[in-house]
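Structural overview for review
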Amino acid sequence: MKMLDQPLVVSGELAWLGGDRLERRVDHPNREVSTIADGEVVQQREGREPRRFSLKRAPQLQILLDSFVALLGGDATRLEQSFTVHQRGDDKRWTLALVPRDAKLARTVGLIEIDGSGSEPRCMRMQEADGDLAIDLLGPLAGSMPAKPTREALMTLCQGG
Amino acid sequence: MRIGRWLLLVLWLALLAVLGIVVAQRLRVSTDLRSFMPEPATPDQRLLMEQVGEGPGSRLLLVAIAGKDDAQLAELSQQLATSLRRDERYTQVLNGSFDVATLDPQLLPYRYLLSPTLDTHALDATFLRDELQQRLDDLSSPAASLLKGLLPRDPTLEVLKLAERWTPPKSPEVREGVWFSPQDEALLLVQTRAPGFDPDAQATAIDGIQRAFAALPAHQGASLVLSGPGYFSVVANAQTRGQAEWIGRISTIGFIALLLLAYRSVGSLLLSALPIASAALAGIAVLVLVFPQVHGITLAFGFTLLGVAQEYPIRVLSHRRAGENAVQSVRALWPLLLTAIASACIAYLAFYASGVNGLKQLAVFTITGLLVAGFSTRYLLPWLLPERVHDVARMRWLQKARALVDALPRPRWIPLLVAIATLLMLVFARSPFWQNDLAALTPLPTDLLQRDARLREALGAPDVRYLLVLQAADEQGVLALSERLEPAIDALVARHAVDAVELPSRYLPSEAVQRSRQQKLPDRDTLQRALADAGQGMPFQPGLFAPFVDDVQKARELPLLNSARFSTSPLGQRVSAMLAPHGDHWLGLATLSGVHDVDALQQLAQESHAAVRLLDLKATAESMVVDYRTRILHALLAATLLLVVAITAALRSVRRAWHVLAPMTLATFLVLAVERAAGVEISLFHLVALILAAGLGLHYALFFERDTGDIDEQRRTLHATVVCVLSALLVFGMLAWSSIPVLRAIGLTVSLGVAFHFCLSILMAPHARQD
């Protein structure tokens, strides 16, 4: 991230609660639980008042929700509705490239790439338009975040290196 | 002789043309309803008069755009807002898009003086460390891109705290960056510069919005819906005007047909229009000379009241004798006609005594008109009328009608019976006597009202009925008072006594508060050290927060913000509308949304020892209507006494005066009684209409009372009166069918009045001598 001189690393759990509900729990470095449910985002940080806002105020979160729900639910039609989807690789190692269809959103989030092997996603990379990159290591990779990650090291990790 | 007639006609027409030109050039019509209100007597009434036009609530228009998908509607909303913000006619345009630009970049460093953060925290290492840690958490969340742009200049997010503080407390849902209603309409709030109850100025403002919308490239397929007090005044005005014109056209045709039937002469008909035309033009010309602006209502009412003057030429036409020229006929008629004119003028003088500017204008207009109509009927019209005419006294039906009228039994107990019935009806009528709610006279379609309630609810727009008024010696006093009130108000909101209260200090803290915040701002070195301490072990790039440090330094040296300095930004204009000097003190106006418990608010006001008042605009307006009516009633009483004296003097007999005044008075009260029995609540418009009917009734009674001993003359009197009654019934009877209460009030009252006056003046007239 350009503003920071080193990458930000957080760990926790991302859970799909069914339907359009998603929970993001962060355990480290600070505990935080964010839930998206019924079009509302609730952010709870330890020792602070919860913050609530409408999902419509945060279109980036809507994208995330769309991609996750579609991906985890295996709903290819829904994925196609929000993104143009390109797939490369084979069954063993694949990468899905999602480009938001909405031009305005594409200006903030340019591209989401999901790497996986077999039926399991391993990595989710969100390329923001200003050059910042957010990488989520999922499932089996979640424990293998290096202590001092670099963009390159993570990319190799995602692609199964 | 013939040449003389033509010359006179040409001169008369030329005079009218000159008057017409003067009027057309100098007439300035005002539509501000306030000039039809009496001088305010109490502080609340004074405030109401200002608020009615200038108050922030009354100048607010609610706008909704519907009919397309969210993204397209949001785009339209943004484009419309941009175009209206450039327009002089609107002081504020809100559509929910929070834009740091609404706070002037020049004013951005003021955020440290405006936001309450420094009241509880100092910009020290501990606080900054906590904030920076939160920003890191924000950056690691998927919502990071929302905040990234703000971070270097504003790591404590003061701008967002202010935005949260300033968004209407119950703000609508934001989609695609703009407000939306639950019914998928994009919503905007537009404040006009024009006062809310000036229908013409509001019509221009509304037209401006509609034009701006129609000029947007992608507007097709989307619909624009407006609401708000200004819009309502325009709708009510257009509705009333539309119906009045439509009815007016029909009754004019009927009136012309009636006169043609009665006199069978196009020439006479055209000529008899001359005194009325002269009356109207002369009336307006005098108004133009005496008053800087003429009120639209004065003209509308004035033309109605001038209806009395139509009687003068009708009397002359009906009283023509075979073989006698018009000048001679008029001479015989003149003493009575003069009495009629004088008494009508006395009745209308009551309006002048009311002291209300609009009614004074009405009096000047009608009295001038009546005099001009009367004297031109006497001294000009007869020279133009044809020499030979058909004497109406020779008409068969008239002879029979007169015989019938003369044969009517006229027992002395009839007036007594009518008086008792009138009294009973007045005593036993159930509904409230007076109608004080002016809005009830121009009601709006329910779907408009429902739409307004829906949009107001969705937008959290302020209630138009209540205002909290804060009073102090100066601007700073008002702001300090407003700050002291905040905890009590928050408690009321928490108790759901009211949904939201917009206090001026929410936008602009007092200078004392700003100064104490300013004094807490650290100097450059201290802040930089604190920032370095706070950021230890955090991955922020060195120097990232330089813009923040610069802004804090700027804020340390800023002159404190007051409403004058603030008013350069759109938000500041909102503050200016909430703060105003008022005589030797200042007032703060807090708008209320969703008032659920008026008593709780009243109690808050009482505990403040007169520093805070809850202004109920509706109740205050009604109290003014009551004052207004009292003045008119007093003036009427005086006019009645004057009338009794004048008639008695003119007829030189108390007994004869009694024969004229008794039927008129009785008929007037009978109209009142019948309307009361029918459940009609009496408004100002009923009163004006009663006066008009009484003026007409006085004429009938005067002419019926006259005993010339000449059977033909009696027949002519009946003819003239029947023509007058029919024409009045035609014009006002049509109005009585109107669906708009104010027109119906006038129409019904005058029609009933004319009918009752006619019957009673026949029944109570002395017996004609049998020849």
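Residues numbered from 1 in each chain as written. Chains lettered and ligands numbered in written order. Predicted model: local features only at pLDDT ≥ 70, side-chain atom pairs only at ≥ 80, totals over all residues.

Here's the deal with the overall build of chain B
The condition that has to hold: Secondary structure counts use DSSP, requiring at least four H or I residues in a row for a helix and at least two E residues in a row for a strand, with both numbered from the N terminus. In this treatment the radius of gyration is a C-alpha quantity, and the globule benchmark scales as 2.2 Å times the residue count to the 0.38 power. Here the contact rule is simple: place C-beta atoms from the backbone, and any two residues whose C-beta atoms are within 7 Å are in contact.
Summing up its helical and strand segments, chain B has 32 helices and 13 strands in all. Against the globule reference of 28 Å for 771 residues, chain B gives a C-alpha radius of gyration of 35 Å, more extended than a compact globule. Across chain B, every contact between residues at least 6 apart in sequence was considered, and the portion connecting residues at least 24 apart equals 82%.

Looking at the overall build of chain A
Quick reminder of the rule: Each residue is classified by how many other C-beta atoms fall within 10 Å of its C-beta atom, where C-beta atoms are placed from the backbone; a count of 20 or more means buried, 12 or fewer means exposed, and values in between mean partly exposed.
Across its full length, chain A carries 4 helices and 10 strands. In sequence order, chain A lays out its α and β elements as β-β-β-β-β-α-α-β-β-α-β-β-β-α. For 161 residues, the compact-globule estimate of 2.2 N^0.38 gives 15 Å, and chain A sits close to it at 16 Å. With 161 residues in all, chain A has 26% of them scored as buried. The contacts of chain A with a sequence gap of at least 6 include a subset with a gap of at least 24, amounting to 22%.

Description of the sheet that holds strand β7 (residues 94-100) of chain A
Residues and elements named next belong to chain A. Threshold: Strand pairing is defined by DSSP finding a minimum of two bridges between the two strands. Under this scheme, a helix contributes an axis fitted over its contacting stretch, all axes are lines through C-alpha atoms, and angles between N-to-C directions fall in the 0 to 180 degree range.
The strand order β6-β7-β8-β9-β10 describes an open sheet built from 5 strands, whose pairing is antiparallel. The strands lining the two open edges of the sheet, one partner per strand, are β6 (83-89) and β10 (133-137). Between one strand and the next, the sheet's axes are offset by a mean angle of 15°, whatever the strand orientation. In this structure, β6 lies alongside β7, joined through 7 bridges in antiparallel fashion.

Looking at the pairing of strand β11 (residues 579-582) of chain B
Residues and elements named next belong to chain B. Relative to strand β12 (residues 585-595), β11 runs antiparallel, the two being bridged by 4 bridges. By the bridge assignment, His582 is partnered in β12 with His585. In this antiparallel pair of consecutive strands, β11 and β12, the connection spans 2 residues, and Gly583 shows a positive phi of 65°.

What to know about the pairing of strand β1 (residues 11-16) of chain A
Residues and elements named next belong to chain A. Across 6 bridges, β1 lies against strand β2 (residues 22-28) in antiparallel orientation. Each residue of the ladder has a partner; that of Ser11, found in β2, is His28. The loop that links β1 with its antiparallel partner β2 comprises 5 residues; one of these, Gly18, has a positive phi angle of about 90°.

Let's talk about the packing of helix α13 (residues 311-318) of chain B against helix α15 (residues 357-379) of chain B
All names here are of chain B. In plain terms, the rule: Oblique is the label for any angle not under 35 degrees, not over 145, and not in the 65 to 115 range, which are roughly parallel, roughly antiparallel and roughly perpendicular in turn. Note on convention: the crossing is left-handed when the near helix lies turned anticlockwise from the far helix by less than a right angle, right-handed when the turn is clockwise. Any residue that is not Ala, Val, Leu, Ile, Met, Phe, Trp, Tyr, Cys, Pro, Asp, Glu, Lys or Arg is counted as polar, Gly included; the first ten are nonpolar and the last four charged.
Following both chains from N to C, one finds α13 and α15 inclined at 20°, their axes separated by 9 Å at the closest point. One finds that α13 runs roughly parallel with respect to α15. Relative to α15, the crossing made by α13 is right-handed. Of the residues in α15, those touching α13 at Tyr312, Pro313 and Val316 are Ala373, Gly374 and Thr377. Residues that form the contact of α13 with α15 fall into these classes: 4 nonpolar, 2 polar and no charged.

With respect to the packing of α13 of chain B against helix α14 (residues 326-353) of chain B
All names here are of chain B. Packing of α13 against α14 brings their axes to within 9 Å, and their N-to-C directions diverge by 130°. When the axis of α13 is compared with that of α14, the two are oblique. Crossing hand, α13 versus α14: right-handed. Between α13, through Tyr312, Arg315 and Val316, and α14, the contact on the second element is made entirely by Ala326, Ser329, Val330, Leu333 and Leu337. Residue composition of the contact of α13 with α14, by class: 6 nonpolar, 1 polar and 1 charged.

Describing helix α3 (residues 70-85) of chain B
Residue and element names in this part refer to chain B. Inclusion rule: Expected span of a helix: the number of residues minus one, times 1.5 Å.
When the terminal C-alpha atoms of α3 are compared, their 22 Å separation across 16 residues agrees well with the 22 Å that a helix rising 1.5 Å per residue should span. For α3, every residue scored as buried is listed here: Leu73, Ala74, Glu75, Leu76, Ser77, Leu80, Ala81 and Leu84. Looking at the buried residues of α3, the elements they touch are β2 (60-66), β3 (90-94), β4 (173-175), β5 (178-180), β6 (186-192) and α9 (199-214).

Things to note about α9 of chain B
Residues and elements named next belong to chain B. Put simply, the rule is: Summarising the geometry, the arc corresponds to the directions from the helix axis toward the C-beta atoms.
Given a rise of 1.5 Å per residue, 16 residues ought to cover 22 Å, and the 22 Å separating the end C-alpha atoms of α9 matches this to within 8%. Along α9, the residues classified as buried are Pro199, Ala201, Gln202, Ala205, Ile206, Ile209, Ala212 and Phe213. The arc that holds every buried residue of α9, seen down its axis, measures 165°, which confines them to one face. Away from its buried face by more than 90 degrees, α9 exposes Asp207, Gln210, Arg211 and Ala214. If you follow the buried residues of α9, they end up packed against β2, α3, β6, β7 (223-227) and α10 (229-263).

Quick word on unusual backbone geometry
Residue and element names in this part refer to chain B. Phi at Asp184 is positive, roughly 60°, even though this residue is not glycine. The residue Asp184 is located in the loop between β5 and β6 in this model. Looking at Asp184, the number of C-beta atoms within 10 Å reads 14, which means it is partly exposed. A positive phi angle is found at Arg264, which is not glycine, with a value near 50°. Among the structural elements, Arg264 can be located in the loop between α10 and α11 (266-290). In this structure Arg264 comes out as exposed when scored by C-beta crowding, with 12 C-beta atoms within 10 Å.

A short note on the environment of Ser82 of chain A
Residue and element names in this part refer to chain A. Tracing the chain through its elements places Ser82 in helix α2 (residues 76-82). As for Ser82 and Phe68, which are separated by 14 residues in sequence, their C-alpha atoms are 12 Å apart. Those residues in contact with Ser82 that sit more than four places away from it in its chain are Ile63, Asp66, Pro100 and Arg101.

A short note on the environment of Gln81 of chain A
Inspection of the secondary structure assignment puts Gln81 of chain A in helix α2. Linking Gln81 of chain A and Ala70 of chain A, residues 11 residues apart in sequence, is a C-alpha distance of 10.0 Å.

A closer look at the environment of Asp27 of chain A
Residues and elements named next belong to chain A. Inspection of the secondary structure puts Asp27 in strand β2. A C-alpha to C-alpha distance of 7.5 Å links Asp27 and Val10, two positions 17 residues apart in sequence. Excluding its chain neighbours within four sequence positions, the residues that come into contact with Asp27 are Ser11 and Gly12.

Honestly, it's all geometry; don't read function into it.
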